[in-house]
Amino acid sequence: MPRRRIFVWLSVTVGVVLVLTAAAAGYVVWSVRRPFPEYDGTAPLPALQGEVEVLRDGRGIPHIYADTAMDLFRAQGYVHAQDRFWQMDFRRHVTSGRLAELFGENAVDTDAFVRTLGWRRIAEQELPLLDPATRRYLEAYAHGVNAWLADRSGGELGLSYTLLGLTGGDTAPEPWRPVDSLSWLKAMAWDLRTNMEDEIQRALLTEELPLERIEQLYPPYPYDQNAPIVDDRYLPVAVASATTSGASDAASAPPERSASRRAGTRTYPPEALASLHSAADAAGAVPDLLGEGPGAGSNSWVVDGSKTATGAPMLVNDTHLAPDLPSIWYQVGLHCRTVSAQCPFRVGGFSFAGVPGVVIGHNDRIAWGFSTLRADVTDLYLERVEGDRYLVGNELVPMDTREETIQVAGGDPVTVTVRATRHGPLLSDHDEELRDVGAEAPAGEQAPPRGDGYGVALRWTALEPGRTADALFALNSATDWRSFQAAAALFEVPSQNIVYADAEGTIGYQAPGKIPIRRSGDGRWPVPGWTDAHEWVGYIPFGALPSVRQPDEGVVVAANQPVTSEAYPYLLGADVDYGQRAQRIRELLGQAGRLDAQTMIDIQMDTYNTIAELLVPHLLATGESAAYYGDGLRLLRDWDFTQPPDSAAAAYFNAVWRSLLRLTFHDELPEDQWPGGGGRWFEVVRHLLDNPDDPFWDDVTTDAVERRDAVLRQAVRDGRDEMTRRQGKDPARWSWGRLHALRLREATFGSSGVGPIEALLDRSPVEVGGGASIVQATGWTAHDGFATDWVPSQRIVVDLADLDGSRWIDLTGVSGHAHHEHYADQTELWRTGETLPMRWDEAAIREAAVSTLMLAPQGSPE
C-alpha cells in the first residue's frame with residue numbers, strides 16, 4: 001500500500017498559487033533562504049553550564065562537544081531545531097491529534113482517530129515513570145529547541161511557515177516539551193506495529209474464499225530454505241520466571257504450541273470476522289510517519305573478527321522505510337569532552353529530529369543496529385455494544401469515555417467522544433463504515449445478541465506506559481554485552497531485533513520488547529471480546545526472549561525473518577518476512593572471503609531477485625518465440641537475475657511479474673487486497689508453480705478453465721505490451737531505473753498537488769535499482785505501478801577495529817530547508833552506493849570541519 005499523504009493538499013488554496021505566481025523572483029528566493037541557519041559564529045543558549053562547540057563537515061553533519069550531559073542535549077535540541085524544526089513541529093501535531101490546527105477541517109478525522117489512540121496521553125503517563133536522568137535529558141533537549149525558537153517566528157522558522165500563513169494555519173509554534181519527544185516514540189511504534197493489517201485482511205477474505213485457500217495466501221515459513229535469526233542451539237534452556245505487568249509465574253509460562261499457533265486457525269469461525277470490513281481503512285486514517293509498507297523491513301547483520309580483514313567485528317544496518325524529504329533520520333555525533341559517570345556519552349549515528357540521543361550507531365565500545373522483529377503486539381476484539389456499555393461475560397459494563405476538543409484553523413472547534421473497553425480504544429467509533437458493518441456483521445452461533453452492533457477495540461502494547469526512552473540513553477552509554485542487555489530490557493515498544501558488536505570482539509543479538517502471551521489463539525484473527533478466552537495473560541519474560549552471544553558461525557543476520565524456528569516455546573508472531581533478503585545476505589557473506597567496509601556496502605547494494613531465478617525457466621518454457629513477443633524473453637535467456645537501474649531484462653521481468661499477479665489473483669481478491677508483489681507473494685507463487693491446475697490459476701470471470709502455462713504465456717505477452725506502452729518498442733531502450741524511479745517528496749506542502757509549491761519543495765525523480773524483497777530493498781507495489789515507495793532510508797557500516805573507517809549515508813541530507821545545500825546533497829551518493837566517512841577521532845573531525853558554531857551560556861531556563 002503506498003504511503004498516505006492525505007492532509008495538506010486538501011487545505012492549500014488557489015490563493016497560494018496566485019500569490020506565488022505574482023511574487024517577484026527575488027521575494028521567493030528571499031523567502032526560501034530566510035530561515036537558513038547560521039553554522040558559524042557564536043549564539044547564546046540559556047542555562048548552558050559551559051561553552052558547547054558544534055563542528056560541521058562539508059555535508060553539514062554536526063559533531064557536538066560539551067562538558068556535561070545536560071549541555072550536550074541542550075545543544076542537540078538547538079541543532080535539530082536549526083535544521084528540522086518544521087519536521088519536528090509537524091510530527092508533534094500528528095502525534096497529538098492536532099493537524100487541524102495547521103491544515104483546517106480536512107484534518108479533523110485524522111485528529112479524531114489519533115485522539116482515540118491516545119498517543120500523547122500515554123506519553124504524558126510515561127514521563128513520570130522514566131529514570132530521573134532521562135527526564136533531565138528530555139528537559140535539556142527541550143530547552144535547546146526553545147532557545148532556537150525564542151528569537152524567531154513565522155517564515156524565519158522555515159518556508160513551510162510562510163506557506164502555512166497563506167493558508168490560515170497557525171504560524172506561531174508553542175514551546176517544545178519533553179512529552180513531544182515521547183509522543184514521537186509512540187508514532188514510531190504505530191508504524192512498526194506489524195501484523196494488524198494482515199489480521200484484518202485475513203478476516204475479510206473469509207467472505208471471498210474458504211479457509212484453506214486463504215491459508216495458501218499466507219504460506220508457512222520455508223525453514224528448509226531460509227534460516228531464522230537464532231539457531232535452535234542458542235534457544236533459552238529454561239523459561240525465566242520473571243513476569244511483566246503483574247502477570248503470575250504460571251501466566252508467563254509458554255502455552256502449548258498446538259493451542260497457540262494452530263488450533264485457533266482451524267477452529268475460529270470465519271463468519272464472525274465479517275464485521276471488520278473497513279478496519280484496514282480505519283488503521284490507515286493515521287498518516288505513516290515512518291511508512292514501513294507491506295514487504296518492507298530492514299537489513300542488519302554482524303560478523304566477528306574471524307571473518308573480517310581487520311580481525312575485529314563489523315556491524316551493518318539499513319532500515320527500510322518510506323522515502324521522505326527531509327529524511328526520517330538525522331546524522332549526529334555527541335561527545336562529552338571527558339567521559340565520566342556524570343557525562344557518559346560519546347556516541348555517533350542516526351537520530352530522530354525531535355528526540356535526544358542516537359537511535360542507531362556506536363560509541364567507543366559498542367555498536368548496535370535495529371530491524372523490525374515483526375512481533376504480534378496488537379489484537380483486535382469484537383465488542384458487543386449497548387449505548388455506552390459493552391458486554392463482559394454475561395454483564396453489561398460501562399465504557400471509559402472522555403471528550404476531546406480539536407481546534408480547527410479557519411473553523412469552529414470540534415468535540416469528539418472517545419470510548420474504550422477493557423481491551424483498548426474503540427476504533428470503530430471514528431470510522432463510519434466500521435460502525436455500519438458492526439451493526440450488520442454475522443458473528444457466529446455462540447455470539448450474544450448484537451444490540452447496537454459490534455464495535456472494534458484495539459489492544460496494543462504501546463498503549464501501556466513504558467520506559468523505551470530510558471532504553472535509548474542506556475544504549476548510548478552501554479560499554480559491554482551486559483550493559484547492552486540491560487538497556488535492551490528497557491526497550492518495550494516497538495519490538496525490534498537488535499544486533500550488537502563490541503571492541504572486545506563480541507557479537508550478538510537480542511530480541512527485546514513487551515510481547516504478549518495469549519490464553520488461546522495465534523493472534524492472526526480478530527477475536528470475540530465478551531469472553532476471557534482470548535485475553536493476554538502476561539508477557540514473555542525478558543530472560544526467555546531469544547538471544548545469542550558469540551555464535552559459532554561468527555555471523556548473525558536479522559532481516560525480518562523469523563527470530564527462531566518453531567522449537568521456541570513462545571509465540572512471537574505468525575506474520576513474518578519470508579527470508580529472501582536474509583538468506584541472500586548469508587550467502588553473500590559466505591562467498592566474500594575476508595570482509596571489509598566496501599564488501600559490506602556491496603552486499604547492501606545487491607540487487608539479485610530470487611523470484612526471478614525461480615520463475616524465468618517457466619517463462620522461457622512457454623515457447624513464445626514470435627519476433628515481437630519473443631523479444632522480451634530473449635532478454636531473459638542470459639540474464640543474471642540482478643536489477644541495476646540500467647537493466648532492460650529487469651524492467652521486462654517485473655512487467656511480467658506484475659501481469660502474472662494480476663492474471664492470477666485479481667479475479668478472486670477484493671481490490672484492496674490485490675498482491676503488492678513482495679516476499680509473501682514470492683512464496684505464494686513458488687508453491688503455485690508446482691501445481692499447474694491450482695484453482696488460483698483459473699480466471700473465474702471466464703467460461704474457460706485456465707491453467708498455469710496459459711497464464712504464464714499471457715503474462716509474457718502482457719509484460720511485453722506494457723513495456724512497449726511505457727518505454728517504446730525497442731527492448732534495448734528499456735530501463736528498470738526509469739520504470740522504478742524514486743520521487744522524493746516533502747511530506748506536507750510538497751505533496752499538495754499544487755505545482756509551484758511542489759517545485760519549491762520536492763526533488764526530481766531518481767533512477768534506482770533493487771526491488772521488493774531484494775537486499776537493496778527499493779520496494780514497489782505491483783497493483784499501483786512500478787514507482788519506488790519504500791527504500792533503505794540510511795546505511796551504516798561500523799568497523800570496530802577502526803571507528804574512523806566506518807561509513808554511513810542518508811537518503812537526503814541533514815537540512816530540512818528546501819534549496820539549502822544540504823537538503824538533498826547525499827541522495828546521489830545514496831543512489832549509487834557511495835558512502836561518507838563516519839569520522840570519530842576528534843582530530844579527524846576537526847580537520848574535516850568547515851564551520852564552527854559556539855553556543856555560549858546565557859541566563860537560566862524558565
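Residues numbered from 1 in each chain as written. Predicted model: local features only at pLDDT ≥ 70, side-chain atom pairs only at ≥ 80, totals over all residues. Heavy atoms only, no water.

### Let's talk about the overall build of the protein
In terms of regular secondary structure, the protein is built from 28 helices and 27 strands. In the protein, which comprises 862 residues, the proportion classed as buried is 63%. Here the contacts in the protein between residues at least 6 apart in sequence split such that 74% fall between residues at least 24 apart. By element, 48% of the accessible surface of the protein is carried by carbon and sulfur atoms, the whole surface being about 29900 Å². (Helix = DSSP H or I, 4+ residues; strand = E, 2+ residues; numbered from the N terminus. Buried < 20%, exposed > 50% of the residue type's maximum accessible area, 1.4 Å probe, protein only. Contact = heavy atoms within 4.5 Å. Areas by Shrake-Rupley, 256 points an atom, 1.4 Å probe, with all protein chains shown as cover.)

### Some details on the packing of aromatic side chains
Under the definition given, this model contains 39 aromatic pairs. Relative to F473, the ring of Y137 has its centre 5.0 Å away and its plane inclined at 55 degrees; by these criteria the two rings are tilted. One end of the pair, Y137, is in helix 7 (residues 132-149); the other, F473, is in helix 16 (residues 468-477), with 336 residues separating them in the sequence. We classify F473 as buried; its relative accessible area is 5%. Feature note: the residues F85, W86, F90, F103, W148, Y161 and F749 constitute an aromatic cluster, connected by ring pairs. Directly above the aromatic system of Y39 lies the positively charged group of R56, at a separation of 3.8 Å from the ring centroid. For the cation-ring pair, R202 lies above Y218, with the distance from its terminal atom to the ring centre recorded as 4.6 Å. (Phe/Tyr/Trp six-rings, centres within 6.5 Å; stacked < 30°, edge-to-face > 60°. Lys NZ or Arg CZ within 6 Å of the ring centre and 35° of its normal.)

### Description of the environment of P356
Residue placement: P356 occurs in the loop between strand 7 (346-351) and strand 8 (360-363). Take P356: its relative accessible area is 2%, and that puts it in the buried class. Here the alpha-carbon distance between P356 and F73, two residues 283 residues apart in the chain, equals 6.2 Å.

### Some words on the sheet that holds strand 8
Ordered in space as 1-27-2-3-6-7-8-9-16-17-21, the eleven strands form an open sheet in which the pairing is mixed. The sheet is open, and its two borders are formed by strand 1 (41-45) and strand 21 (547-549), each paired with just one other strand. Adjacent strand axes in the sheet meet at a mean angle of 15 degrees, parallel and antiparallel pairs treated alike. Here four bridges tie strand 3 (residues 62-66) to strand 6 (residues 330-336), and the two strands are oriented parallel to one another. Bridging from a neighbouring strand, I64 pairs with L334 of strand 6. Sitting on the sheet, helix 3 (residues 69-95) touches strand 1, strand 2 (52-56), strand 3, strand 6, strand 7 and strand 27 (851-857), and the angle it makes with strand 6 is about 160 degrees. (Pairing = 2+ DSSP bridges. Axes fitted to C-alpha atoms, helices over the stretch in contact; angles between N-to-C directions.)

### Thoughts on the pattern of salt bridges
What the rule picks out here adds up to 51 salt bridges. For R98, the salt bridge goes to E174, with nearest N and O atoms at 3.0 Å. Residue R98 is found in the loop between helix 3 and helix 4 (100-103), and its partner E174 is found in the loop between helix 8 (159-167) and helix 9 (178-191); the two are separated by 76 residues along the sequence. By relative accessible area, which is 15% here, R98 ends up buried. Taking the shortest distance from any N to any O, the salt bridge between E722 and R658 comes out at 2.7 Å. Separated by 64 residues along the polypeptide, E722 in helix 24 (residues 708-727) and R658 in helix 22 (residues 648-665) bring together distant segments of the chain. One connected set of salt bridges, linked through shared partners, spans D89, R92, R120, E124 and D180. (Salt bridge = Lys/Arg side-chain N within 4 Å of Asp/Glu carboxyl O.)

### A look at the packing of helix 20 (residues 610-620) against helix 22
Where helix 20 meets helix 22, the closest approach of the two axes is 12 Å, and the angle between their N-to-C directions is 80 degrees. In terms of axis orientation, helix 20 runs roughly perpendicular to helix 22. Note on element contacts: helix 22 touches helix 20 through F653, V656, W657 and L660, opposite I611, A612, L615, V616 and L619. Split by residue class, the contact of helix 20 with helix 22 holds nine nonpolar, no polar and no charged. (Parallel < 35°, antiparallel > 145°, perpendicular 65-115°, else oblique. Nonpolar A, V, L, I, M, F, W, Y, C, P; charged D, E, K, R; others polar.)

### Section: unusual backbone geometry
For the bond from L325 to P326, the omega torsion is 5 degrees, close enough to zero to count as cis. Here P326 shows up in the loop between strand 5 (314-321) and strand 6. For Q550, which is not glycine, the phi dihedral falls at a positive 55 degrees. Its place among the elements puts Q550 in the loop between strand 21 and strand 22 (555-558). Phi is positive for H819, which is not a glycine, with a value near 75 degrees. Structurally, the position occupied by H819 is in the loop between strand 25 (807-810) and helix 27 (827-832). Accessibility expressed as a relative area gives 41% for H819, which makes it partly exposed.

### Side note on helix 19 (residues 597-604)
In terms of burial, helix 19 is largely enclosed, as six of its eight residues are buried. Restricting attention to buried positions, one finds in helix 19 the residues A597, T599, M600, I601, I603 and Q604. The elements touched by buried residues of helix 19 are strand 4 (298-303), strand 5, helix 18 (580-591), strand 24 (794-799) and strand 25. For helix 19, the N-terminal cap is D596; the gap from its side-chain oxygen to the backbone nitrogen of Q598 is 3.3 Å. (Polar contact = N/O pair within 3.5 Å; in protein donor to acceptor, adjacent residues only side chain to side chain.)

### Focus on the nonpolar core
The biggest cluster of nonpolar side chains holds 169 residues, and the ones touching the most others in it are I64, F85, W460, Y509, I540, L761 and L855. Residue contributions to this core peak at twelve residues, all from helix 3. Setting aside chain neighbours within four positions, we find L855 in contact with A43, L45, L48, G50, E51, V52, V54, A75 and Y78. Listed in part, the 52 residues of the second largest apolar core include L205, Y218, L661 and V684. (Core = buried A, V, L, I, M, F, W, Y, C linked by side-chain atoms within 4.5 Å.)

### Observations regarding the confidence of the model for the protein
Averaged over all residues, the pLDDT of the protein equals 89, while 87% of them reach at least 70. Low pLDDT, under 50, characterises residues 1-15; the stretch is placed with 41 contacts to residues that sit more than four places away or in other chains. Under a pLDDT of 50 for its full length, residues 257-275 has, in the predicted model, 49 contacts with residues more than four places off or in other chains. (pLDDT = per-residue confidence, 0-100.)

### Topic: the side chain of Q331
Counting through the fold element by element, Q331 comes out in strand 6. Residue class for Q331 comes out buried when judged on its relative accessible area of 1%. In this structure the side chain of Q331 is engaged in a polar contact, spanning 2.8 Å, whose partner is the side chain of Q826. Setting aside residues up to four positions removed in sequence, Q331 forms contacts with I61, P62, G349, F350, W808, I809, D810, V814 and Q826.

### Considering helix 7
The terminal C-alpha atoms of helix 7, which comprises 18 residues, lie 26 Å apart, in line with the 26 Å expected from a rise of 1.5 Å per residue. For helix 7, every residue scored as buried is listed here: A133, T134, Y137, L138, A140, Y141, A142, G144, V145, A147, W148 and L149. Contact partners of the buried residues in helix 7: strand 1, helix 3, helix 9 and helix 16. (Expected span 1.5 Å × (residues − 1).)

### Notes on the pairing of strand 15 (residues 454-460)
The buried fraction of strand 15 is high, at seven of seven residues. Alternating positions in strand 15 separate into two faces, Y454, V456, L458 and W460 on one and G455, A457 and R459 on the other, with burial throughout. Inspection of the sheet shows strand 10 (residues 378-386) paired to strand 15 by seven bridges, in the antiparallel sense. Paired with E383 across the bridge in strand 15 is G455.

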